[in-house]
Amino acid sequence: MNALASTLEPTDGDVFERIAQAIGRHGYAVMDAVVPPALLDSLFVHLCNLPGEALTRAGVGREDDHQLNRFVRSDETCWLEPGEAVADAFLGWMEQLRLGINRWLFLGLFDYEAHYARYSPGAFYRRHRDAFAGGDSNRVLSTVLYLNPSWMPEDGGEMLLYADDELRIVERVQPLYGRLAVFLSEDFPHEVLPTRRTRYSIAGWFRVNGSLGGQIDPPR
Ligand code: OGA
Ligand code: MN
């Protein structure tokens, strides 16, 4: 166990059960204060101090059509890599969530990938889905953890979660510090409205095992 993980308050198993139950009932969950405060603070400090070149303009899908990307999203991202104390503590927490969800919902979640995201003032992410039926991403469940102290409604940057028919907004999520949103990747189109302040989040995806013929998942 690394230094950070050993100082974290263990998360009550009820938290994972509550998240799983909400997903089972509604397909999504939005919860505050479920991630340990010490972990939130370490993630926030880490993200704020990432060197400028670590965050790069985000792409859409596997093809890198930067012309198109500019219309779709304008955030900058950086993958969390295992091996660093802060990333390991976060990935360890998500591993507990993975096990909890599999126990309650039998989704067969196999692994998890996540990136830090920074939305500079004016940045947005137009309405999209994180996965499509029959697609090759194997993404089943999306997570977004928000890391914005003292966020105000007038700062913008809300995430709108739509019903599957794409017309009805089922949730408007302010990106408040420590708030966690989890939703079925195929079922909920969503968008990030333009932000007026720098907006930080960690977006991640639980995936099922897409191995074919002994080959584990295509590289991202
Ligand atoms: C994404 C995403 C939402 C957010 O990265 O796919 O939809 O609120 N992020 O940051
Ligand atoms: Mn998304």
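Scroll up a little and you will see the structure.
Heads up: these notes are all about the structure in this document. Only a predicted model underlies this, so the values are computations on that prediction, with no experimental measurement involved.

A closer look at the pairing of strand β3 (residues 76-79)
Successive side chains on a regular strand alternate, one facing one side of the sheet and the next facing the other. Pairing analysis gives two bridges linking strand β2 (residues 56-57) to β3, with the strands arranged antiparallel. Looking across to β3, one finds that T56 is bridged to T77.

Section: the pairing of strand β11 (residues 199-207)
In terms of burial, β11 is a largely internal element, nine of the nine residues being buried. Here strand β4 (residues 111-119) pairs with β11 via nine bridges, running antiparallel. For D111, the partnering residue across the bridge sits in β11 and is R207. One ladder, built from seven bridges, connects strand β6 (residues 139-146) with β11; its direction is antiparallel. Of the residues in β11, the one forming a bridge with T143 is G204.

Focus on helix α2 (residues 13-26)
Helix length check: α2, at 14 residues, gives a terminal C-alpha distance of 20 Å against a target of 20 Å (1.5 Å per residue), a fit within 8%. Turning to α2, its buried residues are V15, F16, I19, A20, A22 and I23. The buried residues of α2 occupy one face: seen down the axis, they fall within an arc of 160°. Relative to its buried face, α2 has exposed residues pointing more than 90 degrees away, namely G24 and R25. Contact partners of the buried residues in α2: β1 (28-31), α5 (85-105), β6 and β9 (180-184). Regarding α2, its N-cap is D12, as a side-chain oxygen of that residue lies 3.0 Å from the backbone nitrogen of D14 further along.

Criteria and thresholds
- Residues numbered from 1 in each chain as written.
- Chains lettered and ligands numbered in written order.
- Predicted model: local features only at pLDDT ≥ 70, side-chain atom pairs only at ≥ 80, totals over all residues.
- Heavy atoms only, no water.
- Pairing = 2+ DSSP bridges.
- Helix = DSSP H or I, 4+ residues; strand = E, 2+ residues; numbered from the N terminus.
- Buried < 20%, exposed > 50% of the residue type's maximum accessible area, 1.4 Å probe, protein only.
- Expected span 1.5 Å × (residues − 1).
- Arc of directions from axis to C-beta.
- Contact = heavy atoms within 4.5 Å.
- Polar contact = N/O pair within 3.5 Å; in protein donor to acceptor, adjacent residues only side chain to side chain.

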